[in-house]
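Structure at a glance
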Amino acid sequence: MKPDPKNVQSLFIARYRHKFRVVLLFRIDDPATAQGFLQRWAANVNGGLSPAGSYAADVEAQLDPVCHFAFNWPGISLLLKERAATAQGLDPDEVGTNLEQFFTEEDHAPNSNSVVASLDMKGMNAPENWWTAGADQSAFHIAMLCYFADAAQKFQGLGKIRADAEASGLEEWQFPDFDDKALSGEVPAGGILHFGFRDGISKVDIDWEETGTPGKSDFRELLLGYPSSDYRISPVDPGPWNDFVRDGTYLNLAWLYQDVAAFNRFLRDHRNVTAPLSGQADPEEWLAAKMMGRWRDGSALALHPERMPEPWDPSNNFGYRSDPEGERTPLHSHIRVCNPRDQGLTHVNDRRFPKGPPRLIRRGFSYGPPLEGTEDDGKDRGLVGLFACARINEQFYSVVRWIQKTDFSDHFDTIRRGRKRQDMMFGFRGKRQAEATTYIPAGSAGAAPLELPLKDFIRYKGIAVFFAPSVKSLKYLSGS
Amino acid sequence: MTHPLTLTLKIKQDPETLAALNDLKENFAEHIQPKIEEALRKSKLVHFARVVVIGDNEYIQVITEYDGDHFEYTEFFRDALTPIFAKIFSLADGVPDVDNPAEFFEFSKNANVRTLGLSTDGATDMHGNQAGWLFSAYNHAEVRDILGALQRDAAE
């Protein structure tokens, strides 16, 4: 059985051109009226690879607002019960191990002790510092992801949605510090995010036809409902739960604060020590590129190790096999940790991921005003990351753990305390036993690598796990 | 960080199960032990492992000391040792489908017995609480650290 892209919510398999993005979080008080709301808004949810408003569709067409939906487990439970889904074999109280515990069990929710310990969410990353009103996931049930072309459309659209939500008994969990009172932001000019890097270059190319073409990713990285021997995705057995989740995906939301001033200070403070190594490149640009694995214009270090090319190179066709020591792209650079591509993994991880390292479909947006310079202005800014995958623990949480502790590849054994180090851009530096320094090979034989003390440039402000059902199951949950 | 695993299962006492237990004991050295050994050696995560039957065939225990995150490698061990776990788990009540990662995870978590005392190295248990005590003569060095040191020592 192969998936039908038309049954997959387009958000995860296409890219919209809309500049303004908002995540509305609603709590269901009355499931019956909530279903009325869903029927009105979910009826127009796009499925397929080229929905209106996407880059794959007619680029000249007018951009109408679009929305997509995802639900956490308490939300799905309420809607299934309202639907009397037990008759169809979908009793939320008896879900057991049909779905991943990291989605259904409170003991394994993102803010649970077990997951917090597993992901090392400590210090400012701890759940007591998440969100704006505590970390209780029961505060919301529905994530409505809204895309708007411009500010006026956003203003109008949010007004309509909120009025209907209120009339439908949905309680919105608002974020007073955001102008839109919701997690909201926009695609920045040129796709340049707060640390100054161009984003959106690396894309997961889904292998819909199971051709096994190198460079393409199995659709099971994204979609539930097609378990195989290489992808033991719950539910592993046929039945109503498998039918219900088929063509759906887990949507992991990570609200991330970016300390731009700290990052800029780090680059500036190490300019002198970096200068002898940076060749023709500006020392700060060189250091930033080594930490990210890409130049700030998005060109890969793997392809352009000496300097930023002119013009920039959007090519995503590269690997690390010929660079086992990280001389071009350091082993602990952000893009290499989050997607090791063809870099060898440990035996354990090779076995866990026989089709290659875990992939995440990245969506999301930047929020907060830009900042230049090294003085913080006290304003909130960062990224609302939306990471879609079929297995929460095996994919999303694995990458989060790898960021905190780089022990997933034998290559790390080749450098001093290599397995105790972290992603150079991202990581809780106070982690017990962490080697919180950069490791950037100096480039010439025998020269000492560049080991600079890292700071917490990024921290978590909230993590939530949702399930984004297929178009068909969304209609079912809506009571249609 | 090293964690203790003390998987403890109450053995059913019906004649069929006891016959299967006897079969397990008789075949362990020749057929089971080598497979476990191969998987654990390749993993470079497990310090020590043993399987013990205690009482008058009342309980079977799988006891190990392992490195890494509780949730990160469960799926590797399930996948690498599926037939072995199937055989051992079949001796107990409430047998999970070992082909099902979620069932295996839940069963393993619930069958693990906490050690007495309190961890001294910041280790947490599968529920995220301070783990029980586990003595380590080498300050909780990981298998890979120890293997690396031994290799360097041998090379000198």
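What counts and what doesn't
- Residues numbered from 1 in each chain as written.
- Chains lettered and ligands numbered in written order.
- Predicted model: local features only at pLDDT ≥ 70, side-chain atom pairs only at ≥ 80, totals over all residues.
- Heavy atoms only, no water.
- UniProt positions renumbered as here; feature names shortened; annotations may be inferred.
- Helix = DSSP H or I, 4+ residues; strand = E, 2+ residues; numbered from the N terminus.
- Contact = heavy atoms within 4.5 Å.
- Core = buried A, V, L, I, M, F, W, Y, C linked by side-chain atoms within 4.5 Å.
- Buried < 20%, exposed > 50% of the residue type's maximum accessible area, 1.4 Å probe, protein only.
- Domains from an automatic or database assignment.
- Buried area = accessible area lost by both parts, 1.4 Å probe.
- Salt bridge = Lys/Arg side-chain N within 4 Å of Asp/Glu carboxyl O.
- Pairing = 2+ DSSP bridges.
- Axes fitted to C-alpha atoms, helices over the stretch in contact; angles between N-to-C directions.
- 1 Å grid on protein atoms, 1.4 Å probe; cavity = no way out; pocket = protein on both sides within 12 Å on 5 of 7 lines; lining within 4 Å.
- Points joined across faces, edges and corners; volume = space filled by probe spheres on them.

The name given to chain A in an unreviewed UniProt entry is Dyp-type peroxidase family, and the organism recorded there is Roseibium aggregatum. Under the Cofactor (unreviewed entry) heading, UniProt states for chain A: "heme b".

**Describing the side chain of S470 of chain A**
With respect to the helices and strands, S470 of chain A occurs in the loop between β11 (458–468) and α13 (471–477). Discounting chain neighbours no more than four positions away, the residues touching S470 of chain A are N7, R246, D247 and G248 of chain A.

**As for the nonpolar core**
Among the nonpolar cores identified, the biggest contains 177 residues, and F69, W131, F244 and M291 of chain A are the most heavily contacted of them. Shared between two domains, this core takes at least three residues from each, and those domains are domain 1 (5–190 + 471–477) and domain 2 (257–462) of chain A.

**Re the interface of chain B and chain A**
Listed by partner, the interface residues are 33 residues for chain B and 32 residues for chain A. Buried surface at the junction of chain B and chain A, both sides included, amounts to about 2800 Å², of which 45% is carbon and sulfur. Connecting chain B to chain A are eleven salt bridges. Between K109 of chain B and E105 of chain A there is a salt bridge whose closest N-O contact spans 3.6 Å.

**Some details on the sheet that holds strand β2 (residues 46–54) of chain B**
All names here are of chain B. The strand order β1-β3-β2 describes an open sheet built from three strands, whose pairing is antiparallel. Of all the strands in the sheet, just β1 (2–10) and β2 have a single pairing partner and so form its edges. Direction aside, the axes of adjacent strands within the sheet are offset by 10° on average. Where β2 and strand β3 (residues 59–67) come together, eight bridges link them in antiparallel fashion. Counterpart to R50 in the pairing with β3 is I63.

**Looking at empty space enclosed by the protein**
If you walk through the whole model with that rule in mind, you get five cavities of 30 Å³ or more. Empty space within the largest cavity amounts to approximately 240 Å³. E100, N393 and E394 of chain A together with P101 and A102 of chain B are the residues nearest the centre of the largest cavity, which is lined by 20 residues in total. Only α3 (101–104) and α12 (392–404) of chain A together with α2 (74–80) and α4 (101–111) of chain B provide two or more residues apiece to the lining of the largest cavity.

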